[in-house]
Each structure stands twice: as structure tokens, then as C-alpha cells.
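Coordinates in review
Each chain is listed here by its residues.
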Amino acid sequence: MTSAGCTPEQYQRWHVRDCARCGRRAGLAANWPDGPVCRTCHKRAARTYGNCTACGARRLLPGRRGDGEPVCRDCAGITRNFFCDRCGFEGFLLGGRLCERCTLAGKVAAALDDGTGQVSAPLAPLLAALAAMETPDTGLTWIAAAHVRELLSDLATGKVALTHQALAAQPRWRAVAHLRDLLMSCGVLPAADKQLLHFQAWLHRHLAGAPAGPATRLLRQYVTWHQLPRLRARAAATPLTPAACTNAISQVKAATRFLAWAGDHDPGPARLSQAGIDAWHATCGQSDRASARPFLTWAIKTGHLPRLTLPPLKAPPGGTPITQQRRLGLLRRALTDSQAPVRTRAAACLTLLFAQPPGRIVRLTIDDIIRGDHGQILLRLGDPPTPVPEPFAALLLQLAASRQNMNTATNPGSRWLFPGRRAGQPLHPATMAALLGEFGIPTRAALTAALRQLVLQAPAPVVAQALGYHHNTAHRHAAQAGGPWARYAPGDHAQ
């Protein structure tokens, strides 16, 4: 028997029809004047708004005329009422004939009950932010998760303190991170650097799972007195990037592996010999050699390791750039392919034209787009801002006017040019890199090609200053490209 209380054969006969709108044979949601409507088409119709082509009224348009144009329920002859019984909003209705927004507000209020039947006062701004989101259906998907409701309830009742430290100790770190961002965006928690919080939460789990002993104590000293103060100082100056967090995690992991190796192959870190450190460098991977270097340097300076000589590190290869012909072909497609998303096309132009990596692209804000004299569009990538040529300038303005991820509770007032789904955060660089890859751009090879072409056209220090690169990086690419500006000195070259 099915959930409808009938056999599968009866269910097919009574509740399944060929949808008049999409043509699929599916579960019946309504019988409207234009024919049977499946659940998918019914939900889409109950979320379609605009000016009715029959009467001109601006309202919900669930009906269809004979030519397929959407019309309001009155003009379509639909007898079903779409008005919410609580707020009167006309739209898709859920249980109790409540709209999605009222349903979401009720579910969140229940989860935030402080035990007295009232919403916890400190968490009231969170309820207001979620109830005001443009797309409440995404909020309903979020609140449907049992672990989310449990965490909200624990915060409301005081079982979990409303602090960054208490949240860092909770399991399901992804759900915790999303909620923490929401709490910061609506003022419930004080603002803090997201990447720093993410690293501290990871570090708490990493150290909690490490075996007790001298090696773990030494690792704890390193992160407490060296790594964390440096990250906090950087975060105070400018928000940390995801790459900075990933790099810090890699350094702790490499230090952990080194200390484990030293305990197995030598008398211990304090009595490590030069032959021992040389043997470790000879057997470990290239990534561990680089990632463990900050720990080894700190340990030698502070006397936790003998004064040993660390072998020099080899710079990783720069990779083979794409050809100029391919770069221009990709750039032409980014500027002309109207079928591709504007966000992807703009990011592709930033990579191919201005050699901007994903980590820098996602940190751009709409305030970095500057309107200069005579309508010239400038983009603040370095100092001074860089002129943006047409037609990329028009594409950039189009992106600023139609940014994605702006209709949820996370980013209603975001200034990011590429807003992410997390509250107050831009798109993740890995997501941006994936979008560029789907567009056909090999990011590293394209960056190398663009930067080498730029340093052939202008002195490396000028390119570095304008695009936000270190002058050593620009000089290295200029040398590799055989540029004519090798003796051009860095400095202020403004006229």
C-alpha cells in the first residue's frame, strides 16, 4: 500500500496524470483550466510574479492563457486561493495555509524557544534576519536539518554559550561555521575574521586528537606563541584569505609529521643531529619541506632544536603558459559568449586580461569599480587603479548590477563583487577556480601567460604596482619572458 492508502495501481489511476504544462507523467497537484498540473509546475506557478497580461495587475501569475502567457488566478479562472492565512501574502502555501516566510518564521521561533515559550532575547535578531530573507525556501531547507535545530535550541536554552569559543568546540563544523557567520552578520556575535575562526576550530580538533607527550606540547607552544599571533596580526590589518588558512593548516600538519618522524628515527627533537635533519629533508615530500620550514626555523631560534643548518628550498616550477593565440581566443569568448554566466565571463576577463588569480578576484568589492573622468571605468587592483577597456568595462558594470547570492539572509547588503553563500563572505577561491575551469581556462597557465604578456608591454615594477603583485614576482616573469625592461628600477613612476 502507498502513503495515500491505496495500491500502486490505484495511485497511478487516481493521482498520476500527464501534466498539461511540462508533458511529464507525474503526481497530480491541481486541476486548473489549462489542464492537470504536476507538483513541480504547481510550485513554479505559485512562485511566478509580474504584470498580468490580461488585466495588468502586478501580482502572482499562476495561470496560463491559450498562448502560454502567464496570468493571475482571477483571469485564468483558478478557484484556488493563494493568500496566506497569517500575513495575506499571495504565493506558494505550505501546511496550515501559511506562506513560506511565515512557515520559516514559525520553525525558527520554535527552535529558538528559551524554554519559556518565548524566543531567546539575544537571538531575536537572528529570527528577524531569517524571516526577512528574499528566498525563504532556502531557509526552510536549512532549518529542516535536525542538527541545525538542535544547535539553535542549545544556544537558546544556554546549553551552548553564545560565544565564538563555545561554537568552535561544537561538532559538524560546516553547519557551525554557517550559523556563526549568520550570527555575526546580524550583530548577535561580535565580528571576527572568518578564516582565523576556521583555523582555530580546526586546531582545537587537531590538538584534541593528538597523543599526549612532549611532541604535542612543543606543537602547542609553536601555534600559541608563534603562528596564532602572526595570523591575528594579519587579520587585524586585512581579512585573511582561505589560502592563508589552508597554508597555516598545512604548516601545522607538516610540523606534526616532522615531530612524529623525529620521535621514531632520532633520540628526540632536542638532540636531533645535522645528519638527522638532512635525512628528513631527503625522504619527505616537497610540500612538507616548505610547510615545515616555519616550525623548524622557530624551533631552532627558540632552542627547542639544536642550531642546525636547514637545506635551501627550491622554488616550485612556474608551469607552461598557454599560447597568446589561445589566451586571446578565450578572452574573445569571455567578452562575446552571452550564453555563459556574467559572473564567469567577468572572472575570466580578470584572469586573462589582468592576470588576477581566483584568491584576488573574489576579494574585489563593488567599491573597487571607480567611474573616472569622461566615463572611464577604473578597477582598483593595485595603486593606482587600472583603466578597464571596453567591452570589459560594460561587462563589469553588468556584473555589479546583477550579482548572485544576494537574496538570502546571508548577504542582503553585501559589497562583494562576487558574493558567496556564507554570511558576509565572498565566493570561495576554490569555487571561483572551478568556474574558470568549467569555462575552459587552465588558471595557472592562463595567469602566467597574461602576466608575461603584460611585463613585455610595460616595466615589471609598473605592472606589479598596478595589479597588486610583488615586484620580485613581476621581475621573475619579465626575465622568463625575455622582456626589455630588466634594468627598470622599482619605485613611484607616477608623472
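Placed above this text is the structure.
Basis of the calculations
Residues numbered from 1 in each chain as written. Predicted model: local features only at pLDDT ≥ 70, side-chain atom pairs only at ≥ 80, totals over all residues. Heavy atoms only, no water. Pairing = 2+ DSSP bridges. Helix = DSSP H or I, 4+ residues; strand = E, 2+ residues; numbered from the N terminus. Salt bridge = Lys/Arg side-chain N within 4 Å of Asp/Glu carboxyl O. Buried < 20%, exposed > 50% of the residue type's maximum accessible area, 1.4 Å probe, protein only. 1 Å grid on protein atoms, 1.4 Å probe; cavity = no way out; pocket = protein on both sides within 12 Å on 5 of 7 lines; lining within 4 Å. Points joined across faces, edges and corners; volume = space filled by probe spheres on them. Nonpolar A, V, L, I, M, F, W, Y, C, P; charged D, E, K, R; others polar. Contact = heavy atoms within 4.5 Å.

Taken in spatial order, the 3 strands make up an open sheet running β10-β11-β12, and their pairing is antiparallel. Each edge of the open sheet is held by one strand with a lone partner, namely β10 (369-371) and β12 (386-387).

A full pass over the atoms with the stated rule returns 12 salt bridges. One salt bridge in this structure joins Arg65 and Asp67, with 2.7 Å as the shortest N-O distance. Given a relative accessible area of 35%, Arg65 falls into the partly exposed group. In the salt-bridge network here, residues are joined through shared partners; they are Arg59, Arg73, Asp74 and Glu90.

Scanning all chains against the criterion turns up 2 cavities of 30 Å³ or more. Here the largest cavity is characterised by a volume of approximately 70 Å³. Every element with two or more residues in the lining of the largest cavity is listed here: α8 (164-168), α9 (173-185) and α10 (194-208). In terms of residue class, the lining of the largest cavity is made up of 7 nonpolar, 2 polar and 2 charged. As a volume, the second largest cavity reaches approximately 40 Å³. Forming the boundary of the second largest cavity are Arg343, Leu399, Arg403, Gln404, Leu417, Phe418 and Pro419. Here the lining of the second largest cavity is composed, by residue class, of 4 nonpolar, 1 polar and 2 charged.

Residue position: Cys22 is located in the loop between β1 (16-18) and β2 (25-32). Once the C-alpha coordinates of Cys22 and Ala210 are considered, the two residues, 188 residues apart in sequence, prove to be 57 Å apart. With residues up to four places along the chain from it excluded, the contact list for Cys22 reads Cys38 and Cys41.

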